[in-house]
Amino acid sequence: DAGVTQSPTHLIKTRGQQVTLRCSPKSGHDTVSWYQQALGQGPQFIFQYYEEEERQRGNFPDRFSGHQFPNYSSELNVNALLLGDSALYLCASSLGVQGAGETQYFGPGTRLLVL
Amino acid sequence: AQSVTQPDIHITVSEGASLELRCNYSYGATPYLFWYVQSPGQGLQLLLKYFSGDTLVQGIKGFEAEFKRSQSSFNLRKPSVHWSDAAEYFCAVGGGYNKLIFGAGTRLAVHP
């Protein structure tokens, strides 16, 4: 049973560019959440997708957007990259219908460096 | 506002010694509480979780945690640490629609 997968593993971009990160959830899961983990900090919630809709969003600007596909995989897009966007981006999947408290399973992350 | 505080940024213990990592939370209702571990360059692995019932929760790798409502705490413990336990540990509280709010983490180093 494949766990959560993310691609690419590493990415280098320059300021002002746009980036797309991808996530495939654990088999059977229908909900994908994205987190940003800056160096030396805990992960911060960006947003969550369920049934192809953004269900809730953290305190991130509109430069951060996402999408969920019918097969439950998801993309995170970041426009107009800033140096401060350099971080490890983590995707987590879970069963959305269970609501709060359902275990989230994390992927290995995509490390983004903005120069 | 919901928040999680991990007071210890860095802890060093000797192999075989006992371990306790502290976690305090702020949450308006009955919290869902989690401990995750992150090895270098890796994602997060769930160690254990608390929803309700018995306040002492057993997890994987010999870890346990105790929920104390009166102290708003959910401390993680292990009776005997192994060198492979060296990692970063994150406490988290589950909010609406299962949004996780994490603490800043505690980095554990293990001396042989």
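## Let's talk about the sheet that holds strand β8 (residues 74-78) of chain A
Residues and elements named next belong to chain A.
Then comes step 1: Strand order in the open sheet formed by four strands is β1-β3-β8-β7, and the pairing between neighbours is antiparallel. A strand with exactly one partner marks an edge of an open sheet, and here the two such strands are β1 (5-7) and β7 (64-68). If you compare each strand with its neighbour and ignore which way they point, the axes differ by 20° on average.
Then comes step 2: Relative to strand β3 (residues 19-24), β1 is paired through three bridges, and the arrangement is antiparallel. Bridge assignment links Gln6 to a residue of β3, and that residue is Cys23.

## Comments concerning the confidence of the model for chain B
Then comes step 1: For chain B, mean pLDDT is 93; residues scoring 70 or higher make up 100% of the total.
Then comes step 2: Confidence scores differ between elements of chain B, with strand β11 (residues 100-102) of chain B showing the lowest mean pLDDT of 93 and strand β3 (residues 19-21) of chain B the highest of 98.

## Here's the deal with the state of the cysteines
Then comes step 1: With the rule as written, the count across this model stands at two disulfides over all chains.
Then comes step 2: Cys23 of chain A shares a disulfide with Cys91 of chain A; S-S distance 1.7 Å. Taking the torsion about the sulfur-sulfur bond, which here is approximately -55°, the covalent link between Cys23 of chain A and Cys91 of chain A counts as left-handed. Separated by 68 residues along the polypeptide, Cys23 of chain A in strand β3 and Cys91 of chain A in strand β9 (residues 87-94) bring together distant segments of the chain. Neither residue differs from the other here; Cys23 of chain A and Cys91 of chain A are each classed as buried.
Then comes step 3: A sulfur-sulfur separation of 2.0 Å characterises the disulfide bridge that pairs Cys23 of chain B with Cys91 of chain B. Its torsion about the S-S bond being -65°, the disulfide of Cys23 of chain B and Cys91 of chain B is classed as left-handed.

## Quick look at the packing of aromatic side chains
Aromatic ring pairs are defined here through the distance separating the ring centres and the angle between the ring planes.
Then comes step 1: This structure, assessed with the given rule, holds 16 aromatic pairs over all chains.
Then comes step 2: Centre to centre, the rings of Phe106 of chain A and Tyr36 of chain B are 5.3 Å apart; their planes meet at 80°, and the pair counts as edge-to-face. One end of the pair, Phe106 of chain A, is in strand β10 (residues 105-106); the other, Tyr36 of chain B, is in strand β5 (residues 32-38), on a second chain. Considered together, Phe106 of chain A and Tyr36 of chain B belong to a single accessibility category, that of buried residues.
Then comes step 3: Here the aromatic residues Tyr35, Phe45 and Phe106 of chain A together with Tyr32, Phe34, Tyr36, Phe51, Phe90 and Phe102 of chain B are joined through ring pairs into a cluster of three or more.
Then comes step 4: Sitting over the ring of Tyr105 of chain A, Lys26 of chain A keeps its end group 5.1 Å from the ring centre.
Then comes step 5: The ring of Tyr50 of chain A has Arg55 of chain A lying over it, and the distance from NZ or CZ to the ring centre is 4.3 Å.

Conventions we followed
- Residues numbered from 1 in each chain as written.
- Chains lettered and ligands numbered in written order.
- Predicted model: local features only at pLDDT ≥ 70, side-chain atom pairs only at ≥ 80, totals over all residues.
- Heavy atoms only, no water.
- Pairing = 2+ DSSP bridges.
- Helix = DSSP H or I, 4+ residues; strand = E, 2+ residues; numbered from the N terminus.
- Axes fitted to C-alpha atoms, helices over the stretch in contact; angles between N-to-C directions.
- pLDDT = per-residue confidence, 0-100.
- Disulfide = S-S within 2.5 Å.
- Buried < 20%, exposed > 50% of the residue type's maximum accessible area, 1.4 Å probe, protein only.
- Phe/Tyr/Trp six-rings, centres within 6.5 Å; stacked < 30°, edge-to-face > 60°.
- Lys NZ or Arg CZ within 6 Å of the ring centre and 35° of its normal.

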